[in-house]
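# A structural walkthrough
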Amino acid sequence: MNTSITLKQRPVGTPTLADFEMKEQEGNLTISDGELLLKSIYISVDPYLRGRMSAAKSYIPPFEVGKPISSGIVAEVLDSKNKKFNKGDFVAGSLEWKTQQVSNGVGLQKVDKDKAPLSAYLGIIGMTGLTAFLGLHEIGKPKKGETMVVSGAAGAVGTVVGQIGKILGLTVIGIAGSDEKVAMLKSELGFDHGINYKTTKDMKAAIQEAAPNGVDIYYDNVGGPISDAVLFNINKFARMIICGAISVYNKTEIPTGISVQPFLVKNSALMQGFIVSNYADKFPDAMKHLSTWLTEGKLTYKETIVEGFENTPQAFLDMMAGKNKGKMIVKA
Ligand SMILES: NC(=O)c1ccc[n+]([C@@H]2O[C@H](COP(=O)([O-])OP(=O)(O)OC[C@H]3O[C@@H](n4cnc5c(N)ncnc54)[C@H](OP(=O)(O)O)[C@@H]3O)[C@@H](O)[C@H]2O)c1
């Protein structure tokens, strides 16, 4: 039996389980020349999938209603008629939410379970790590002694950005959605300060208190009012990496907020959107740094692993609602 998870309907507002459908298919899958038979092992659930569930134009095409959802997946090669891959290999790439599937191998990379746990290829040494490293370096241009604020700090990207900031000699302030997450940032990941945005009444004042010398770099994963509050605290020549805007992904109307232009003009500041795939030529160098820091013990990673392929939609909903610490991954 092969199971797949499809998009049943496009979510309006906050997605629910009713937006997904599980489909069973009996019989064995067969492969032709050049193809592989894959078994899903780990499935990544990510905020950008919410954008693909809507029909709106973006940097990546929308999912089709009735068709399987896809995301980063680590899979085992059960059978191969493709010269590049052998039975027993593990691969990572963008694959469909299916327990088993046939692939032509395009876009798949072999991963080595002896070098790192397989789940890490979806996080710290996968898209998450690259996003953290390249967003910070390419747009943030960090200099030792500067102050950085990270929103979505306890999530997959945020936990890595903050640690890299500490490696590079920055003062790092993390913003996250619970006291437990804030405690983790400080005690386990080396952040200098943490702010719980859910219990803090005046975010502008709280950021000012944590960053008395102002903010030089803002790594923005969330957008909305949290980011508005950061703007009041930026320094001259501040750099703001707009990596994500999860606080508005479920909004049904165009979100409104303060005008950013006066803040940018007054501070000669930079605000730039970031999409990791635009920096593919820099992946090998970024990966070298991440792997070295991991081996040296300078970098660590957090994962929230949910058991069971059938729980993938719920894991996605839980990640969007902040129930994860670090990278949210499903073990199929
Ligand atoms: N541009 C790129 O190439 C790229 C690549 C990867 C990811 N991203 C973006 O980076 C961001 C983080 O992605 P991720 O994979 O690391 O996810 P994540 O941070 O592991 O998970 C999402 C987190 O967002 C927080 N959140 C949810 N609603 C929020 C709200 N209204 N206000 C503030 N925080 C909220 C939750 O934490 P709390 O408990 O703290 O609320 C939740 O844990 C997302 O915006 C994503 O789209 C961009």
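Per-chain numbering applies: the sequence of each chain, read as written, is numbered from 1 onward. Per-residue local features are limited, in this predicted model, to residues with pLDDT of at least 70; the limit for side-chain atom pairs, both in listing and counting, is 80 or more; totals at the level of whole chains, interfaces and linings are taken over all residues. Note: side-chain values were computed over all heavy atoms of the structure, leaving out hydrogens and water.

Numbered from the N terminus, helices here are DSSP runs of H or I no shorter than four residues, and strands are runs of E no shorter than two. Along its length, the protein chain carries nine helices and 15 strands. Overall, the protein chain is about 65 × 45 × 35 Å in size when its C-alpha atoms are taken along their principal axes. In the protein chain, 66% of the contacts between residues at least 6 apart in sequence involve partners at least 24 apart. Taken as a whole, the protein chain presents about 15900 Å² of accessible surface, with 51% of it coming from carbon and sulfur. His is not counted here, nor are the chain ends, while Lys and Arg score as positive and Asp and Glu score as negative. Positions of charges follow a simple convention, taking NZ of Lys, CZ of Arg, CG of Asp or CD of Glu. Each charge sign in the protein chain was given a centre, from 37 positive and 33 negative side chains, and these centres are 4 Å apart. Between two residues, a contact is recorded if the distance between any of their heavy atoms is within 4.5 Å. Method for areas: the Shrake-Rupley scheme with a 1.4 Å probe, in which residue coverage is limited to the protein chains shown.

Here we take up the nonpolar core. Each nonpolar core is a collection of buried residues, namely Ala, Val, Leu, Ile, Met, Phe, Trp, Tyr and Cys, held together in the definition by side-chain atoms within 4.5 Å. With a 1.4 Å probe rolled over the protein chains alone, any residue whose accessible area is under 20% of its type maximum counts as buried; one over 50% counts as exposed, and the rest are partly exposed. The biggest cluster of nonpolar side chains holds 46 residues, and the ones touching the most others in it are V74, L134, M148, I164, L185, Y219 and F274. Looking at this core element by element, the count peaks at six residues for helix 2 (residues 127-140). Counting contributing residues, this core receives three or more from each of domain 1 (2-122 + 301-331) and domain 2 (127-277). The next biggest cluster of nonpolar side chains, apart from the first, holds 28 residues, and it includes I5, I73, A75 and M320. Domain start and stop positions are those given by an automatic or database domain assignment.

A few words now on the site of the ligand. The full set close to the ligand counts 27 residues, and A156, K181, Y197, F274 and N324 are the nearest of them. Any pair of nitrogen or oxygen atoms within 3.5 Å is treated as a polar contact; in protein, a donor-acceptor pairing is required on top of that, and neighbouring residues in sequence qualify only through side-chain atoms on both sides. One nitrogen or oxygen atom from the side chain of K181 is found 2.5 Å from an oxygen atom belonging to the ligand. Among the elements of the structure, helix 2, helix 3 (156-167) and helix 9 (312-320) are those that each provide at least two residues to the shell around the ligand. Two domains share the shell around the ligand, each providing at least three of its residues, namely domain 1 (2-122 + 301-331) and domain 2 (127-277). A cutoff of 4 Å decides nearness: a residue is near a molecule or strand if any of its heavy atoms lies inside that distance of it.

With that out of the way, let us pick up the sheet that holds strand 9 (residues 171-176). A pair of strands is labelled paired if DSSP reports no fewer than 2 bridges between them. An order of 10-9-8-11-12-13 is seen for the six strands of this open sheet, with the pairing classed as parallel. Lying at the two open borders of the sheet, with one neighbouring strand each, are strand 10 (193-196) and strand 13 (270-273). Between one strand and the next, the sheet's axes are offset by a mean angle of 15 degrees, whatever the strand orientation. Where strand 9 lies against strand 10, four bridges are found, and the strand directions are parallel. In the sheet register, G174 faces strand 10, and the bridge partner there is G194. Set on the sheet, helix 4 (residues 179-187) makes contact with strand 9 and strand 10; between it and strand 10 the angle comes to about 170 degrees. Orientation is described by axes fitted as lines to C-alpha atoms, over the contacting stretch for helices, and by angles from 0 to 180 degrees between their N-to-C directions.

Salt bridge criterion: a side-chain nitrogen from Lys or Arg within 4 Å of a carboxyl oxygen from Asp or Glu. All chains considered together, the criterion is met by 12 salt bridges. E96 serves as the salt-bridge partner of K98, at 2.9 Å between the closest nitrogen and oxygen. Taken together, the salt bridges that share partners define one network made up of K143, E146 and R239.

Looking at helix 5 (residues 203-210), one finds that the buried residues are M203, A206, I207 and A210. Looking down the long axis of helix 5, one finds its buried residues gathered within 100 degrees of arc, a one-sided arrangement. Looking at the buried side of helix 5, the elements it contacts are strand 8 (147-151), strand 9, strand 10, strand 11 (215-220) and helix 6 (224-231). Directions are taken from the helix axis to each C-beta atom, and the arc is the one they span.

We now examine the domain arrangement of the protein chain. In terms of domain boundaries, the protein chain breaks down into domain 1 (2-122 + 301-331) and domain 2 (127-277). Look at where the C-alpha atoms of domain 1 and domain 2 centre, and you get two points 29 Å apart. The partner domain 2 presents 16 residues to the 17 residues of domain 1 that form the contact. Taken together, both faces of the contact between domain 1 and domain 2 bury some 1400 Å²; the carbon and sulfur share is 61%. Taken together, the links from domain 1 to domain 2 amount to two salt bridges. Across the salt bridge formed by E180 and K325, the nearest N and O atoms sit 2.6 Å from each other. Each of two parts loses accessible area, computed with a 1.4 Å probe, when they are put together; buried area is these two losses added.

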